[in-house]
Amino acid sequence: MQPLRAVKGMNDILPEEMERWQRVERAFAHHLGLCGFGEVRTPYLEPTQLFVRAIGEVTDVVEKEMYSFRHHDEPLTLRPEGTAGAVRAYIEHAVSGKEPVTRWFYMGPMFRAERPQKGRYRQFYQLGAEILGDKGPFCDAELIATLVDFLRAIRVPDLTVLVNSLGGPDTRDRYRAALTQYLTPRSGELSEDSARRLAHNPLRILDSKHPKDQAVVSGAPTLVDCLSEDDLRHFELLKGSLDALAVPYKVEPRLVRGLDYYTRTLFEIKGAKERLGAGDTLVGGGRYDGLVRDLGGPDVPAIGFAAGLERLLIAMDDEPKGPKIEVFVAPLGDQATASAILLSRALREAGIRTETDTRGASLKSQLRRANTLGARVALVVGEDEVREGFVQVKDLAGHSQERVARSEVATYVAAHLAKGAVPA
Ligand code: AMP
């Protein structure tokens with residue numbers, strides 16, 4: 001039978017790679033935890049309508065990329081992003097009545113039926129955070145600074161922070177009118193997709209990667225020209241706070257993002273192009289002051305971001321890989337094997353990473369395996385050792401050997417490992 005393969009654009013993550021994944025996830029939870037964020041986990045499946053209403057009907061994600069199906073007539077979708085579900089949960093659990101400001105982070109898979117390529121998959125993982133209940137620019141600056149600190153901590157080099165302001169709903173209406181006025185006489189020069197979007201969602205045309213659209217858009221009016229006094233004040237205070245926090249950034253007046261819910265502050269963080277190629281956007285985020293209300297909740301302002309985990313892994317500098325285990329227990333014979341399993345358990349209880357052989361391999365092959373796994377110590381247990389209640393402790397780097405009473409082994413090995421006794 002032909003072996004089955006994973007769905008296109010969906011990847012297996014094997015244990016060798018998982019170590020880096022976990023390092024990033026741990027660092028993220030640690031950094032966000034230090035800033036008072038709590039982890040939220042929402043379902044992978046949500047009502048389709050949630051994403052249509054939150055992300056917007058005329059967006060690439062909703063029009064082309066959602067995995068949607070009906071189950072007993074209920075339209076469901078595998079979540080393409082995390083904010084809509086988080087906001088749905090925030091409303092459903094009436095969180096705004098319990099605390100004035102909510103700080104949540106999440107980590108998990110998202111699903112979009114995009115054309116797979118490097119850094120772009122159909123199941124991919126995002127690390128995201130949301131602050132609900134604070135409308136001010138200082139909150140925006142603190143969130144961006146926290147994110148930059150996290151990216152530096154996991155050693156992502158060459159970060160570029162881009163910021164823009166979309167303004168509030170009034171500004172967007174004014175800008176939409178100005179943009180439509182500019183684009184309508186040029187609609188013949190636009191790509192087919194963009195020409196169709198002109199009537200419903202002209203802002204998205206700014207985001208198009210199509211060369212025809214980019215040429216037209218290069219002369220278009222910019223959002224900053226249409227900002228209201230309040231929007232401008234917000235934007236100025238954001239920039240001032242980023243300066244005060246020593247976060248370098250660039251204002252990118254044509255930055256708009258693919259999701260409809262954004263208002264005012266919008267940002268992206270890019271990494272090194274040499275490593276990431278076209279998919280160099282590591283993080284996308286922004287304010288979504290109207291979304292909680294639009295989804296049927298109270299009028300609560302909010303801001304959030306999502307980082308693509310796979311892209312962070314491509315962008316990160318590598319760290320030397322730590323050994324998988326510290327101790328290998330090498331039994332010789334069946335009786336010794338049962339005893340070795342017990343001994344391994346005692347070592348693990350002492351917090352020592354330990355593996356043992358249960359296949360009855362020769363001593364030579366067991367020691368080879370211990371070296372491959374990076375163990376610093378091998379404990380050799382033969383039939384004699386079992387009978388007499390001791391163990392041979394071999395330092396694999398130092399090539400020394402010591403006979404230690406079985407009841408003392410865990411303490412002895414822990415002290416030996418703590419000494420860092422590996423001669424170069
Ligand atoms: P978005 O939710 O579209 O604002 O994307 C936020 C971040 O998620 C991007 O900057 C990417 O790092 C990551 N991302 C989005 N789509 C994909 C994808 N199909 N594959 C891998 N990462 C993605």
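Our structure is the block above this text.
Predicted model, so just to flag it, every value in this text is computed and none were measured.

Turning our eyes to something else, we now look at the layout of surface pockets. Approximately 530 Å³ is the volume found for the second largest pocket. The wall of the second largest pocket is formed by 22 residues, among which Pro169, Thr263, Asp289, Gly290 and Arg293 lie closest to the centre. Among the secondary structure elements, those contributing two or more residues to the lining of the second largest pocket are α2 (48-55), α6 (169-183), β9 (263-270) and α12 (291-294). Counting residues per element, the lining of the second largest pocket draws most heavily on α6, which supplies four residues. Of the residues contributing to the lining of the second largest pocket, the split by class is six nonpolar, four polar and 12 charged.

With that settled, the discussion passes to the sheet that holds strand β15 (residues 390-395). Read from one edge of the open sheet, five strands run β13-β12-β14-β15-β16, paired in mixed fashion. Looking along the sheet, the strands with just one partner apiece sit at the ends: β13 (354-356) and β16 (400-405). Averaged over all adjacent pairs, the angle separating strand axes in this sheet is 25°, with direction ignored. The sheet strands contacting helix α15 (residues 363-372) are β12 (327-331), β13, β14 (377-381) and β15, and the helix crosses β12 at an angle near 170°.

Moving on, we get to the sheet that holds strand β4 (residues 74-78). With antiparallel pairing, the three strands of this open sheet are ordered in space as β2-β4-β3. Only two strands of the sheet have a single partner each, and these edge strands are β2 (45-47) and β3 (68-71). Across the sheet, the mean angle separating the axes of adjacent strands is 40° when strand polarity is ignored. When β3 meets β4, the two strands line up antiparallel, connected through four bridges. Paired with Phe69 across the bridge in β4 is Leu76. Packed on one face of the sheet, α2 meets β2, β3 and β4 and runs near 75° to β2.

Right, let's talk about the pattern of salt bridges for a bit. Applying the stated criterion across every chain, the model contains 29 salt bridges. The salt bridge involving Glu92 is made with Arg88; its shortest N-O contact spans 2.9 Å. Residue Glu92 and its partner Arg88 are located together in helix α4 (residues 83-92), separated by four residues, close to a single helical turn. Among the ionic pairs, Asp193 bridges to Arg196, the shortest N-O distance being 3.3 Å. In this pair, Asp193 and Arg196 are both assigned in helix α7 (residues 192-197), three residues apart and thus about one turn of the helix distant.

Scoring rules and cut-offs
Residues numbered from 1 in each chain as written. Predicted model: local features only at pLDDT ≥ 70, side-chain atom pairs only at ≥ 80, totals over all residues. Heavy atoms only, no water. 1 Å grid on protein atoms, 1.4 Å probe; cavity = no way out; pocket = protein on both sides within 12 Å on 5 of 7 lines; lining within 4 Å. Points joined across faces, edges and corners; volume = space filled by probe spheres on them. Helix = DSSP H or I, 4+ residues; strand = E, 2+ residues; numbered from the N terminus. Nonpolar A, V, L, I, M, F, W, Y, C, P; charged D, E, K, R; others polar. Pairing = 2+ DSSP bridges. Axes fitted to C-alpha atoms, helices over the stretch in contact; angles between N-to-C directions. Contact = heavy atoms within 4.5 Å. Salt bridge = Lys/Arg side-chain N within 4 Å of Asp/Glu carboxyl O.

These figures capture arrangement, not role.
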